[in-house]
Structure formats: structure tokens, C-alpha cells
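# Structural overview
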Amino acid sequence: MLLRLQTDDYSVNYKPGKLMFVPDMLSRAYIKDDRDNISDDIECFINMPRSYTIQTPYGNTYRRNTKHIIKTNENFENVSLDDEIPYELPNEDTVIEKEKSDNSEQPYTTRSGRTIRPPIRYKDYDELEMRKAMFIGELTKLFSSNDLHEHIIYQTLFFIDARNKDDPEIHQLTTRLVDIAFKQPSWGQPMPVAWVPLEIQLSEMKTARICKNFVKKSELQGYNLQNDDFVLTDSQFENFLKIQHSLGKLLYFGEHGIDDFIVIQPSALVNVLRSFVTDEMFWPKDKEIVEILPDLSKTGVIYRTDLYKLWEQKHFKKLIPTEDLRKFIIEVLIHLDILVEPKQYSGAGGSADFFLVPCTIKEKAPSSFFHTEEMDEKAICLSYRLKKSSVPSALFFKLIGSALNVLPIKETDGRPCLYYKAAVLSVDNDNECRIHMEGNRIVVNLINRTSRLQILPDIAASIQECLTLTLTNVLHFYYTCMGKDIKQFDILKLFDTEVGTPCGKGFCFIPVNEAITKKTWTCENKTVHTTDLLLNWMLDETFGKEECPPDCSGIPTVVLFESPSEKHLMRLASVLDITMFHDFFLHLGMETKDWHNIQYTYWQSVDAMFMALMTWRDTGSMVTFKKILDALEKVEDNQHHLCKVLKEQLELPEIAGFGFQDTPSESFLSTLPNKLGYCVLPLGIELGLRITDIESVFVRHPKQLFSQVYEVLKIWKQKTPENTYLNLMLAIQRVRGKQFLKRNFGCDN
Ligand SMILES: [Zn+2]
Ligand SMILES: [Zn+2]
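The name given to the protein in an unreviewed UniProt entry is Death domain-containing protein, and the organism recorded there is Mytilus coruscus.

## Some thoughts on the overall build of the protein
The helix and strand inventory of the protein stands at 32 helices and 19 strands. The burial tally for the protein puts 50% of its 749 residues in the buried class. Of the roughly 36800 Å² of accessible surface on the protein, a fraction of 51% belongs to carbon and sulfur atoms.

## Looking at the packing of aromatic side chains
Counted according to the given criterion, the structure contains 16 aromatic pairs. Measuring from ring centre to ring centre gives 4.6 Å for phenylalanine 581 and tryptophan 595, while their planes differ by 50°; the resulting arrangement is tilted. Here phenylalanine 581 is found in helix 21 (residues 578–587), whereas its partner tryptophan 595 is found in helix 22 (residues 592–601), with 14 residues between them in sequence. Take tryptophan 595: its relative accessible area is 4%, and that puts it in the buried class. Where phenylalanine 585 meets tryptophan 595, the ring centres are 6.2 Å apart and the plane angle is 55°; that geometry is what we call tilted. Taken together, the residues phenylalanine 585 in helix 21 and tryptophan 595 in helix 22 connect sequence positions ten residues apart. Grouping residues by exposure puts phenylalanine 585 and tryptophan 595 together as buried. Positioned over the ring face of phenylalanine 477 is lysine 398, at 4.2 Å from the centre of the ring. A cation over a ring is seen here: arginine 434 above phenylalanine 369, with NZ or CZ 5.8 Å from the ring centre.

## Re the pattern of salt bridges
For the structure on display, the rule yields 26 salt bridges. Put simply, aspartate 306 and lysine 309 hold a salt bridge, and the shortest N to O gap is 3.8 Å. On the criterion of helical spacing, the pair formed by aspartate 306 and lysine 309 is a turn pair, its members being three residues apart in helix 12 (residues 304–311). Here lysine 309 falls in the partly exposed class, since its relative accessible area comes to 35%. Glutamate 686 is the partner of arginine 571 in a salt bridge, and the nearest nitrogen-oxygen pair spans 2.8 Å. You can see arginine 571 sitting in helix 20 (residues 566–575) and its partner glutamate 686 sitting in helix 28 (residues 680–686), a full 115 residues away along the chain. Each of Arg385, Lys387, Arg441, Asp496 and Glu498 takes part in one network of salt bridges that share partners.

## A closer look at the coordination of the zinc ion (ligand 1)
All of the protein donors around the zinc ion (ligand 1) are Cys503 (SG), Cys508 (SG), Cys523 (SG) and His529 (NE2); their distances to the metal are 2.1 to 2.3 Å. Seen from the zinc ion (ligand 1), its four donor atoms lie at angles of 104 to 120°, and the figure they make is tetrahedral. As a motif over one chain, the donors of the zinc ion (ligand 1) read C-x4-C-x14-C-x5-H. Residue cysteine 503 is found in strand 16 (residues 495–503), and its partner cysteine 523 is found in the loop between strand 18 (520–522) and strand 19 (528–530); the two are separated by 20 residues along the sequence. Judged on exposure class, the residue cysteine 503 and its partner cysteine 523 are both buried.

## Notes on the sheet that holds strand 9 (residues 379–386)
The sheet built from seven strands is open, its strands ordered 12-13-14-15-9-16-17 with antiparallel pairing. In this open sheet, the two strands that pair with only one neighbour each are strand 12 (418–419) and strand 17 (506–511). In the sheet, strand 16 pairs with strand 17 via six bridges, with the strands oriented antiparallel. Within the sheet, the bridge partner assigned to threonine 501 lies in strand 17 and is cysteine 508. Sheet strands touched by helix 16 (residues 393–406): strand 9, strand 12, strand 13 (422–426), strand 14 (431–438) and strand 15 (441–448). Its angle to strand 13, the strand with the most contacts, is close to 10°. Of the strands in this sheet, strand 9, strand 14, strand 15 and strand 16 touch helix 17 (residues 457–481), which is tilted by about 20° from strand 9.

## Side note on the pairing of strand 15
Within strand 15, eight of the eight residues are buried, which leaves it mostly tucked inside the rest of the structure. Residues Arg441, Val443, Asn445 and Ile447 line one face of strand 15 and the alternating positions Ile442, Val444, Leu446 and Asn448 line the opposite face, and both faces are buried. Where strand 14 folds back onto strand 15 in an antiparallel hairpin, the turn is made up of two residues, including glycine 439, whose phi is positive at roughly 60°.

## Brief notes about the coordination of the zinc ion (ligand 2)
In the first shell of the zinc ion (ligand 2), the protein supplies Cys548 (SG), Cys552 (SG), His640 (ND1) and Cys643 (SG), at 2.0 to 2.3 Å from the metal. Bound by four donor atoms, the zinc ion (ligand 2) shows angles of 105 to 117° at the metal and therefore tetrahedral coordination geometry. All donors of the zinc ion (ligand 2) belong to a single chain; written as a sequence motif, their spacing is C-x3-C-x87-H-x2-C. Remark: cysteine 643 occurs in helix 25 (residues 641–646) and cysteine 552 occurs in the loop between strand 19 and helix 19 (557–560); sequence separation between them is 91 residues. With a relative accessible area of 24%, cysteine 552 lands in the partly exposed category.

## Notes on the environment of leucine 446
As for its position among the elements, leucine 446 is in strand 15. Once residues within four sequence positions are removed from consideration, leucine 446 is found in contact with Lys378, Ala379, Ile380, Val427, Glu432, Cys433, Ile455, Ala460, Ile463 and Trp537.

## Considerations on the environment of leucine 687
Relative to the helices and strands, leucine 687 resides in the loop between helix 28 and helix 29 (691–700). Relative accessible area serves as the criterion here: at 7%, leucine 687 is assigned to the buried category. Between the C-alpha atom of leucine 687 and that of lysine 717, which follows or precedes it by 30 residues, the distance is 9.7 Å. The residues contacting leucine 687, other than those within four sequence positions of it, are Val712, Leu713, Trp716, Asn727, Leu728 and Ala731.

## Quick word on the side chain of glutamine 464
Within the secondary structure, glutamine 464 sits in helix 17. By relative accessible area, glutamine 464 is classed as buried at 11%. Leaving out residues up to four positions away in the same chain, glutamine 464 has contacts with Leu382, Tyr384, Trp537 and Met538.

## Here's the deal with the side chain of asparagine 723
Residue position: asparagine 723 is located in the loop between helix 30 (705–719) and helix 31 (725–736). From its side chain, asparagine 723 meets the backbone oxygen of lysine 717 in a polar contact 2.7 Å long. Apart from residues no more than four positions distant in its own chain, asparagine 723 is found in contact with Asp662, Thr663, Pro664, Trp716 and Lys717.

## Here's the deal with the environment of asparagine 431
Here asparagine 431 shows up in strand 14. A distance of 2.8 Å separates the side chain of asparagine 431 from the side chain of asparagine 448, its partner in a polar contact.

How each quantity is defined
- Numbers given to residues run from 1 along each chain, matching the order in which its sequence is written.
- Each chain takes a letter, starting from A, and each ligand takes a number, starting from 1, following the order in which they are written.
- Residues qualify for local features only when their pLDDT is at least 70, as the model is predicted, and side-chain atom pairs are given and counted only at 80 or more; totals for whole chains, interfaces and linings, by contrast, use all residues.
- Note that water and hydrogens are dropped before the side-chain values are worked out from all heavy atoms of the structure.
- The numbering of helices and of strands both runs from the N terminus, where a helix is a DSSP run of H or I of at least 4 residues and a strand a run of E of at least 2.
- Each residue's exposure class comes from its accessible area (1.4 Å probe, protein chains only) as a fraction of the maximum for that residue type: buried when under 20%, exposed when over 50%, partly exposed otherwise.
- Residue exposure ignores everything except the shown protein chains as possible cover, and the areas themselves are Shrake-Rupley values with a 1.4 Å probe.
- Pairing of aromatic rings covers Phe, Tyr and the six-membered ring of Trp, with a centre-to-centre limit of 6.5 Å; geometry is then stacked below 30 degrees between planes, edge-to-face above 60, and tilted otherwise.
- As a reminder, the over-ring test applies to NZ of lysine and CZ of arginine, requiring each to be within 6 Å of the ring centre and within 35 degrees of the ring normal.
- Every case where a carboxyl oxygen of Asp or Glu lies within 4 Å of a side-chain nitrogen of Lys or Arg is listed as a salt bridge.
- In this analysis a donor is any N, O or S atom within 2.8 Å of a metal ion (3.2 Å for sodium, potassium and calcium), and since water is not included, sites may seem incomplete.
- Every angle between 85 and 135 degrees makes a four-donor site tetrahedral, while opposite donors more than 155 degrees apart, with all other angles between 65 and 115, make a four-donor site square planar and a six-donor site octahedral; other sites are irregular.
- Only strands joined by at least two bridges in the DSSP assignment are considered to pair.
- By definition in these notes, contact holds between two residues if any of their heavy atoms fall within 4.5 Å.
- Note on geometry: axes are C-alpha line fits, over the in-contact stretch for helices, and angles between N-to-C directions span 0 to 180 degrees.
- Here a polar contact means two N or O atoms within 3.5 Å. Within protein one must be a hydrogen donor candidate and the other an acceptor candidate, and residues neighboring in sequence count only if both atoms are side-chain atoms.

And the structure:
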């Protein structure tokens, strides 16, 4: 950090985010600590052997006393260190140290323009103290507005002479770091004894002699199988990896396609990132590759071949020597939204020959991007105002990266319209979507070539729904990386959604709740704006929720003892209120941890409630409508939810021009996804797909929300004998309402 401050003249407002947040995010990527499933591991404690030997893959034998294993404060002093494995600092730190010593003697200029010429050696005590005080002052000021400033420790600043290995401050720094480590919440928690052999095998791989950064999961599994009495079962092994990941000891992405390797040295991934996410001063001078990084910061595009050329540099070749490993790294970077595959390649089977890298682009959007006068009458606007006082750039880069999975990037003159904190996404030939960041606000403009009257409400609502979901996912990722265990549904409280319009040289916005109640509003420029078109961003969600007539006596008694089907549970999930669901779920006889586990996997509230109801159904005990009704009675006044669930809506709006018994063509189906919004599970269930089929869609298209919907429609067409317009319309009517059918199933089709 000192290095950064010196070379950049303190103008580092966004760079700390890039340089520290990304490594921080990677090294601490967090997985919910699923300790409930490791009870059998814990049981090992009961019959803990007094000592045992471990054979490491590299032929060393360690004899361990059991008291080494329980990492608690109490036993700390009794541990003898004779057979401890030597601990090596990760390479990264060594590199920084060296750079610091090279640069520490350069003069530099402070923000106020004063040039400081550091002394050759900090032997002069007063000089040292003076500079410490100055740095503390500058650092405090620099980070004072940061949300995390309370976590930054200024008061002990270490000045280490990197050329002197006996510098007394090294020892002081070590002591301080150990103090901090002791305060970590995971410190001192007992660890299953069965993990010890693997832990030792892993930490030996990290030592200087072997210096492994990555290990194949199958290789580690092989060592596990040789650990005699301590062999972990497959699920225990998986759990071991996930908890090690959550503790930041290694990186393991237990997801399809990126679970072959384990990053045992988290800093290695950060070092790989430095091959292309780096500062101008570190760009390589090598002839072959000298142009790659300037091009990247101008266009945001990096070719796979260029990435490989960068990785041919000695340092990176040593880090990721094999083709397998390079492919794994690329997949991980895609998973983290650092590299973004251009949309046209995804799902087509082949892999992209170039990637977009939102976090490296320096090029500003052209001035036409912000010409609101030209957008007037052509655009409707949407804004997400984050309640945080400062929004890290990394968050926005990730948001852009994820949004590119929803809509493809627009290209003009062969150049993707990706800019610094801004992008143009392509909707169709007549519409585009511009997205940019202004302070703590994310602004989205949906622009039609001729007039905003031409913008289809279903497309606007659908884009809004997917972008909102994307934003909540990104915020969730960001918060969990910070070690916060935030519930998916609390994330909606972190930002306000507003709708708006271009006005003069800027935009005018109004909160959605207000817009719904007003036909017009007068803005600060004394202009009167109407809300009707702006509300196209929001889906009319009243369909399917019509209240019962006053004389409704609820569902017939005979039905009460029947079991609800998947469709019934899905419909129930879509009428329930997420805020009362937890209570309701407990009254069904389920446990809090079941609900928490589901929320961890399913992002959307309706999806999560449905999957939770499915786990209840799988318990098999008394799964009846009566049971649901009883549980509902305890949490809500409204006793007519089940009426809505059971009511079959067989009437379709009268639409002429095609046969209800015909099978829709694939080209017709392809027009639906970007209008249907995010409704993969509800639509799939209403279409009668099996849950396993729907889940396979999530696995094959993990991020592309519209592709998921399209895939569900295609599976339905292929696998269902009754794949008629009639059945499609009945399902869509349930999910998106009657008006949607009228707008999208007209004579033209
Ligand atoms: Zn205005
Ligand atoms: Zn009723």
C-alpha cells in the first residue's frame, strides 16, 4: 500500500478497490459453514487416539500427539513445535516486499504538491516518527469515508527496512498479526480429527520445497484414500473442502466445470490475475506481448491466444504450467465475472476466442452516451440507488459482467460498446439498453430507435426483473465475501428502485411506490412528467391473486385430505409473503436450518419458498392441504390462499389466428424468453417438467437467465406429448397473466 501511495500521488480513490478488494474477495470467498452435516466427523473426537503417524505424499512421516490437533487457546502453550511443518510466506508477500525496497528511496509528491525526498536509511529516529505520523494522518483521511474504515488499523504502522532481515519491526509485525489472527471468529474452534492428515498433506504441498499452488481434486482424493483410519467419505471430503474454503485456507469452487482443481495457495489466483489486471507501470516490455495490455484497457477485449501468450511469461508459466490448469483458471475467472464470454458463443458448444474484461477498461463512454436531449421521448429510465455511502468499483464491474449474461453487448464498428463503468447492451434491432454508474446510483436506459411508445412493456419488465435479480446476486456475493452472513431477501433492502425519464441535461427519477400512486409529478426543473410509460418497467402483478368473493367458504372439506401436487405448491409459493414464510414453515413441522439451506441455493423468493415446500413434501408425513391450512391459520388472517392455488384457470382470452391444438414452432418460442422475465421454475412446473430437468437447465446455463427460460420451453416442446399452444398458454397465463397472452399471442403469430 505504501508503494501505491508513493507512485500514485494519493490519487488512488478507485485503485485500492481494484488492488485490494479483488485479492481480498478471492482469498476470503466465503461459503456458508454447513456444520450441521459434519456431526459424524465430530464424533471422531470421542474415540480420539493418543497419537498416530501420517505418511505424506512426499515420503515424510509425521508423528502427532492428539493435543496438537485441537486448535484452542488453552492448549496453545503446551504444544511442542518439534514436528511442526515449517510455514512459508506466500510468494505474493515476498514480491511486494522486494518492490517496496526498490522504490522506497524515490522522491514523491504529496497531494498538496510538496516533494518528499526520503532519507537513504531510516536511521534518524525523529525522521521516522515524523513520517509515521504523516502517513497515519494521510491514510486516515483517505479511508475516512469508506464503509469499512473501522476495520482499518492505522495506529501501528510498521516501517520495515526490507534489506535488513533483522529489522526489529519484523518481529513486532509478526506479533501483531498473530494477535489479530487470534481474534478471528474461527480461531480456536475444534476441528474434526479426521481432517488432520489431509491438512498436513495440504500444508506440505505449500512448503517452499514443493511449492504447489494447485492440486487436482482426484489427486487429493487419492491421498485421502491412503489415510487408513482417517479416510473421509465422499461427502465428508466435499465438506472438508468447503469448510477449508470458508476459512480462506484454500479455494474450492464446488460447481460443475470448476471442481476439478483446488487452489491450495489462494494468493496464486491473485498472482494469475496480475497477468492482465495490472497497472501500467507493471506492463511487460516483451515484444510479443507489449501491445496486449494497452489494447485491453482501450477496448476491454482480451483474446484467448493473448491470454496464453501472457501466461507464457516465465513467472506465469511456472504458476500455471499445464493446459488443464489454464482452462480451469479461465473457467474460474468466468465464474467470478472477471472474464465475460461474449453472448453469441455461450451455449453453442464451442468456446469463445475472446473475452470481455469490465474491470480493466479505462476508455470513457463517448459523449453521445450521455446526450439526454437526444434520448428524450425515446427512453424510459430505471435507477437502483444503493444505500451504501461508497460503492466499490469492483461491485460495478461485477454487475456489468453479470448483466452481459442477461443481454449481449452491443457492437459498433466491430468494437464492443464496453466502457469505464458503462456499457451498451443489445435488446433487438430497435432497442438498446444503456447502463452506467453515477455515484451510488446505477442508471439503466431502455432506448427505442424511434419512440419510447414502441417499447414493449413485457420486454421492459422482463429486463428489469433480470437486472434486479443480477444486482441482488452481485450484492450477495459482495457481502458474503466480506464475511457477512446476509440473507438473500434482506439484500432487497440495500437499494431503492426508481423509475425515470431523460429531462434536460440529466435524468429525473421517482421511487416506484410513488410512481404507482401518481399520474404525474413535477420535478426540480419545474417540468411535469407522466408516470404511465415509466411503469412499464414494473410488471402488473395482480393477476392470479384476485380476492375470493365475500361468501367464499374456503376449499371443500374433501379436498383437505388430499396431497398437494408440485403445481399446487408452486402456486402457493407465488401467493405467500416471504416475510412470514419462516414462521409458516416451522408450523409445517420443518426446521430453521432447512429454510436457511434452501435460501442459500435459491436466489429468488418464489423459487426458494417452492423448494422449501418440496422438502416438506419429501418428509412424507401428513402432507395434506389440511396441514397447510392449519399452518397458514397460525401466521396469517387471509384464509383464501388455497382457493387461489386450487382454482383452475381454464378460460383463455379470445385470440384468433392460430390453432390451439397446434405445436408452437421453435422460432415462435424463441420470441418469448426476453419478454417472460425470470420465471424458470414456475414456468417449468406449470408446463409439467420434472424438477430434475429444470435443475439440469440451471447447471447447463448457470448465469444466462433468458437462456434458461428458452431451454425450459425447448425441453417442454421435445419431451411433452401435449405440446400445444393451448397448454403453453395456460401455463404462461398462470405465470405472467392474461394480458401477457393478449399482447404476445396475437394474430401476427
Ligand atoms: Zn425533470
Ligand atoms: Zn376463498
